[in-house]
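# Structural description and commentary
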Amino acid sequence: MRLNESVTISAPPELVWDQITDASSYLHFMSGVTRWEVEGSERRLDLGSRVRMLIRVGSAEVGGLIEIVECQPERELAWSSVMGVDQRGRWRLRETGDGRTRVELRFAYGVAGSGIPGWIAELVASPSLGSSLRKSLHQLKRQVEHERLRTEAARRRAEREPAEI
Amino acid sequence: MADPATVADRARSNGGGAAELNGHGGLRRRLAPLAAVAGAGRPFARVGRRLLAAAQDAATEVTGAAASRVGQRLRADLDDRDPDWLRERLPLLWLLATIWFRGEVRNLGNIPEKGAVLLVGNHSGGNVTPDTFIFTLAFSTYFGIERKFHQLAHNLVVTLPVSGALVRRGGTVAASHENARRALEAGAALLVYPGGDWEVHRPTWESAKVDFGGRRGFIRLALDQDVPIVPVVSIGGQETALFLSRGDRLARALRLDRLLRLKVLPVSVVVPWGLNVGDFLGHVPLPAKITTEVLPPIDLREQFGAEPDPDEVYETITEQMQETLDALDAERRFPLIG
């Protein structure tokens, strides 16, 4: 099963990229995610980074070990499962030209070899997972836009302060 | 599911089970009076003795072969657990747990991330135990099917021809101290239900009661293997049917405890059988909400000293589990719905 959600964020791609590669921010903006632990001491997600993640779906926390398999700064960040439920995901960032960024989150999941029950389970899980992805994107949007306002306010303050002195 | 030491003790006290089948001594003892009768009639004595010897040999051969097969299943082969098979069954388990039982397992993070651990649960649901498979699903998705996880079950469960093979692939092994020891030595997480058949067939109105029946074998096991105990408390299983009585007096009156090692002969009202005695064929569980809570791990020697008193440990653990079960019960507003 493949899910696809998108949102337009009023911020440049570099700010969005900062958020989605910050390993510590996922527990804040990813809805339903109960575990997000990067192997090793890295704080930034990069090609080859491995993360142990879980997301609550119905009666279980599902996930496993994932690895970042593609990393094009400020454009694409993709992962694939190493252990646990089969999953692939991708962040696609595209500048819209007016200082905003269109963010697309793709997520594909399933259990190979599980037959008809697996197919039914994927269908049953999709509304809940789709809702989690939508919430996650809106939380990301809020977080990034808030961060942009904070940065701009700090810049304006810094510009004013020398004049006041 | 059952407590390892008590099952082994029961088998010994009943003079029986697999040990008796393996030795064939019990069969000869039971046939001895027949031999005496056969020998009493002088004219037929020689013929009778020959027939009896032939019958004994045939019976020994048959029971020996059966015992050998049963014995193989009772002695856990931990390799019977098939992680790939289990992985492919997870979606089906997830569907049942999510849609039918609205299962919820809380605080799995309390289970140590690595190494052997003894999970001690209260047991509910008669011969169909939804709390076990919901917990198995939750454990397997949380830690990954790569982590070894076994459950102890009554001999009957693992020796049945079809379902026995399935549960063994899922990691279930026959309840015995030896099997429990081997699983823990292999570094597995092991789920035991000390209350076993006594607790699982308690009346529905005792749903919120932890009742291990005084069985303390799990404490000795944890101490011998030096592994932490993690209590696992579930509610809802006893609402999946109307359990009326354990029928323990009925089982004693019919001598089932001696003949079949059955301490209980439960009486319940179930779908689809209606009034159900024994629950031997299982039943369709009602869609009761199952909630499970995992408590923090207990290191017995750290908490109770170098030589912990089993009675004190037993009281502490069962009291802690009872308090949790009371809290889970208080959360429930309606039967079945949760």
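Because the structure is predicted, anything quoted here is derived from the model rather than measured. (Residues numbered from 1 in each chain as written. Chains lettered and ligands numbered in written order. Predicted model: local features only at pLDDT ≥ 70, side-chain atom pairs only at ≥ 80, totals over all residues.)

Take the overall build of chain A next. Of regular secondary structure, chain A possesses 3 helices and 7 strands. Moving toward the C terminus, one meets the helices and strands of chain A in the order β-α-α-β-β-β-β-β-β-α. For the C-alpha atoms alone, the extent of chain A along its principal axes is close to 70 × 30 × 25 Å. Relative to all contacts within chain A whose residues are 6 or more apart in sequence, the contacts with residues 24 or more apart total 48%. (Helix = DSSP H or I, 4+ residues; strand = E, 2+ residues; numbered from the N terminus. Contact = placed C-beta atoms within 7 Å.)

Before going further, it helps to examine the sheet that holds strand 4 (residues 60-72) of chain A. If you walk across this open sheet you meet the 7 strands as 1-7-6-5-4-3-2 (chain A), and the pairing is antiparallel. Each having just a single partner strand, strand 1 (2-9) and strand 2 (33-38) of chain A make up the two edges of the open sheet. Direction aside, neighbouring strands of the sheet carry axes that sit 20 degrees apart on average. Bridge analysis of strand 1 of chain A against strand 7 (residues 101-110) of chain A gives 8 bridges, and the strand direction is antiparallel. From the neighbouring strand, Leu 3 of chain A faces strand 7 of chain A, where its bridge partner is Phe 107 of chain A. Across the face of the sheet, helix 6 (residues 130-143) of chain B comes into contact with strand 3 (50-57) and strand 4 of chain A while running at roughly 20 degrees to strand 4 of chain A. (Pairing = 2+ DSSP bridges. Axes fitted to C-alpha atoms, helices over the stretch in contact; angles between N-to-C directions.)

Glancing now at the interface of chain B and chain A. Contact residues are listed per partner, giving 18 residues for chain B and 17 residues for chain A. Counted by class, the side of chain B that touches chain A contains 10 nonpolar, 4 polar and 4 charged residues. (Nonpolar A, V, L, I, M, F, W, Y, C, P; charged D, E, K, R; others polar.)

All names here are of chain B. Strand order across the open sheet formed by 7 strands is 1-10-6-2-5-3-4, with mixed pairing between neighbours. Pairing within the sheet leaves two strands with one partner each, and these edge strands are strand 1 (104-106) and strand 4 (172-174). Put simply, the sheet's adjacent strands are angled 25 degrees from each other on average, direction ignored. As judged from the 4 bridges shared by strand 2 (residues 117-121) and strand 5 (residues 189-192), these two strands associate in the parallel manner.

A separate point is the pairing of strand 5 (residues 76-84) of chain A. Residues and elements named next belong to chain A. As defined by bridge partners, strand 4 adjoins strand 5 across 8 bridges and the pair is classed as antiparallel. In the sheet register, Glu 70 faces strand 5, and the bridge partner there is Ala 78. Pairing geometry for strand 5 and strand 6 (residues 86-95), over 5 bridges, is antiparallel. Bridge pairing links Leu 77 to Trp 91 in strand 6. Between strand 5 and strand 6, which pair antiparallel one after the other, the connecting turn spans 1 residue.

Residue and element names in this part refer to chain B. A cis amide bond links Val 271 to the next residue, Pro 272, at an omega of 5 degrees. Tracing the sequence through the fold places Pro 272 in the loop between strand 8 (267-270) and strand 9 (274-277). One non-glycine residue, Arg 102, lies in the positive phi region at around 45 degrees. With respect to the helices and strands, the residue Arg 102 is situated in the loop between helix 5 (83-100) and strand 1.

Turning our attention to the packing of helix 5 of chain B against helix 6 of chain B. Residue and element names in this part refer to chain B. The N-to-C vectors of helix 5 and helix 6 enclose an angle of 125 degrees; their axes lie 10 Å apart at closest approach. Compared by their axis directions, helix 5 and helix 6 come out oblique. Our pair here, helix 5 against helix 6, has a crossing hand that is left-handed. For the pair formed by helix 5 and helix 6, the contact residues are Leu 86, Leu 90, Leu 93, Trp 94 and Ala 97 on the first element and Phe 133, Ile 134, Leu 137, Ser 140 and Thr 141 on the second. Of the residues that constitute the contact of helix 5 with helix 6, the class distribution is 8 nonpolar, 2 polar and no charged. (Parallel < 35°, antiparallel > 145°, perpendicular 65-115°, else oblique. Left-handed = near helix turned anticlockwise from the far one by under 90°.)

Moving on: the packing of helix 9 (residues 177-185) of chain B against helix 11 (residues 217-225) of chain B. All names here are of chain B. Relative orientation of the contacting elements helix 9 and helix 11 amounts to 40 degrees, with a least axis distance of 11 Å. In this structure, helix 9 meets helix 11 at a crossing whose hand is right-handed. Facing His 177, Ala 180, Arg 181 and Leu 184 of helix 9, the residues of helix 11 in contact are Gly 217, Leu 221 and Gln 225. Residues belonging to the contact of helix 9 with helix 11 are distributed by class as follows: 3 nonpolar, 3 polar and 1 charged.

What follows concerns helix 9 of chain B. All of the buried residues along helix 9 of chain B are Asn 179, Ala 180, Ala 183 and Leu 184 of chain B. Down the axis of helix 9 of chain B, the sector holding all buried residues measures 130 degrees, keeping them to one side. (Buried ≥ 20, exposed ≤ 12 C-beta atoms within 10 Å, placed from the backbone. Arc of directions from axis to C-beta.)

Attention now goes to the nonpolar core. Core analysis: the largest hydrophobic core is formed by 90 residues, its most contacted members being Leu 118, Leu 119, Ile 134, Leu 137, Ala 138, Leu 190 and Val 192 of chain B. With 8 residues, the single largest contributor to this core is helix 6 of chain B. Among residues more than four places away in sequence, those in contact with Leu 137 of chain B are Ser 59 and Ala 60 of chain A together with Leu 90, Leu 93, Trp 94 and Ala 97 of chain B. If you look at the next biggest cluster of nonpolar residues, it comprises 5 residues, including Trp 198, Ala 251, Leu 262 and Leu 265 of chain B. (Core = buried A, V, L, I, M, F, W, Y, C linked by C-beta atoms within 7 Å.)

The next thing to look at is the confidence of the model for chain B. All names here are of chain B. Within chain B, residue pLDDT values average 84, and 78% of them lie at 70 or more. Predicted confidence for residues 5-32 stays below pLDDT 50, and this span has 41 contacts to residues more than four positions away or in other chains. Across the predicted assembly, pTM comes out at 0.83 and ipTM at 0.90. (pLDDT = per-residue confidence, 0-100.)

Residue and element names in this part refer to chain B. By secondary structure assignment, the location of Leu 286 is in the loop between strand 9 and strand 10 (291-294). Residues Leu 286 and Asn 276, spaced 10 residues apart in sequence, show a C-alpha to C-alpha distance of 15 Å. When near neighbours in sequence (up to four residues on either side) are disregarded, Leu 286 contacts Glu 239, Thr 240, Ala 241, Val 271 and Leu 336.

Moving on: the pairing of strand 6 (residues 229-235) of chain B. Residue and element names in this part refer to chain B. Most of strand 6 is tucked away, with 7 of its 7 residues classed as buried. Two elements, strand 2 and strand 6, share 4 bridges in a ladder whose sense is parallel. Looking at the pairing, Leu 119 lines up with Val 230 of strand 6. Pairing of strand 6 with strand 10, which is carried by 4 bridges, proceeds in the antiparallel orientation. Paired with Ser 234 across the bridge in strand 10 is Thr 292.

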